[in-house]
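Notes for the structure review
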Amino acid sequence: METYDLSQITAAEFKALTGGPVVIHFAENFTLPATIAAVNELNGYTPLERSSFSVEFQTNGDHRVFAQGIFRVVHPNGKYLDIFLVPIAQDPLGTRYEAVFS
């Protein structure tokens, strides 16, 4: 598997994947399917060349809430990110988590 470069990935790249599937690794042997639910551009400071943004991930069919922490998010193309996810909401579909890229 190949990792995405956190300093280079942009909101536009995630927007192109909105609604698409990912897998979140919440533990060594526990994963959940999820979708990229939303991408929000932010006005915060960043020392990087790209602007700040957040991405919301929606788990599908599982209503467990995992504490905030660093989890591996894998795209079907095999690329992955190890990112800090925070649970932000529950709804009939599952749980929504947010990652902020600043």
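Here, residues in each chain are numbered from 1, in the same order as that chain's written sequence. Local features in this predicted model are restricted to residues whose pLDDT is 70 or higher, and side-chain atom pairs enter the listing and the counts only when it is 80 or higher, whereas totals over whole chains, interfaces and linings include all residues. Hydrogens and waters are ignored; side-chain quantities use all the structure's heavy atoms.

**Regarding the packing of aromatic side chains**
Each Phe, Tyr or Trp ring, with Trp reduced to its six-membered ring, pairs with another whose centre is within 6.5 Å; inter-plane angles below 30 degrees give stacked pairs, above 60 give edge-to-face pairs, and intermediate values give tilted ones. If you walk through the whole model with that rule in mind, you get seven aromatic pairs. What links up through ring pairs into an aromatic cluster is the set Phe26, Phe30, Phe66, Phe71 and Tyr97. Geometrically, a charge over a ring is one whose NZ (Lys) or CZ (Arg) sits within 6 Å of the ring centre while staying within 35 degrees of the ring normal. Against the face of tyrosine 80 rests arginine 72, its NZ or CZ located 3.8 Å from the ring centre.

**Brief notes about the nonpolar core**
Within this scheme, the nonpolar core is defined by two criteria: the residues are buried Ala, Val, Leu, Ile, Met, Phe, Trp, Tyr or Cys, and they are joined through side-chain atoms within 4.5 Å. Under the scheme applied here, a residue whose accessible area is under 20% of the maximum for its type counts as buried, over 50% as exposed, and between as partly exposed, the area being computed with a 1.4 Å probe on protein chains only. One finds Phe14, Phe57, Leu85 and Phe101 to be the most contacted residues of the largest nonpolar core, which totals 23 residues. Those residues within four positions of leucine 85 in sequence are excluded, and the remaining contacts are Ile24, Phe57, Gln68, Gly69, Phe71, Val73, Tyr97, Glu98 and Ala99. By definition in these notes, contact holds between two residues if any of their heavy atoms fall within 4.5 Å.

**What to know about the confidence of the model for the protein chain**
Looking at the protein chain as a whole, its pLDDT mean stands at 91, while 96% of the residues score no less than 70. Ranking the elements of the protein chain by mean pLDDT puts helix H1 (residues 11-15) last with 91 and strand E4 (residues 69-74) first with 97. Per-residue confidence from the predictor is reported as pLDDT, a score between 0 and 100. Numbering of helices and strands starts at the N terminus; helices are DSSP runs of H or I of at least 4 residues and strands are runs of E of at least 2.

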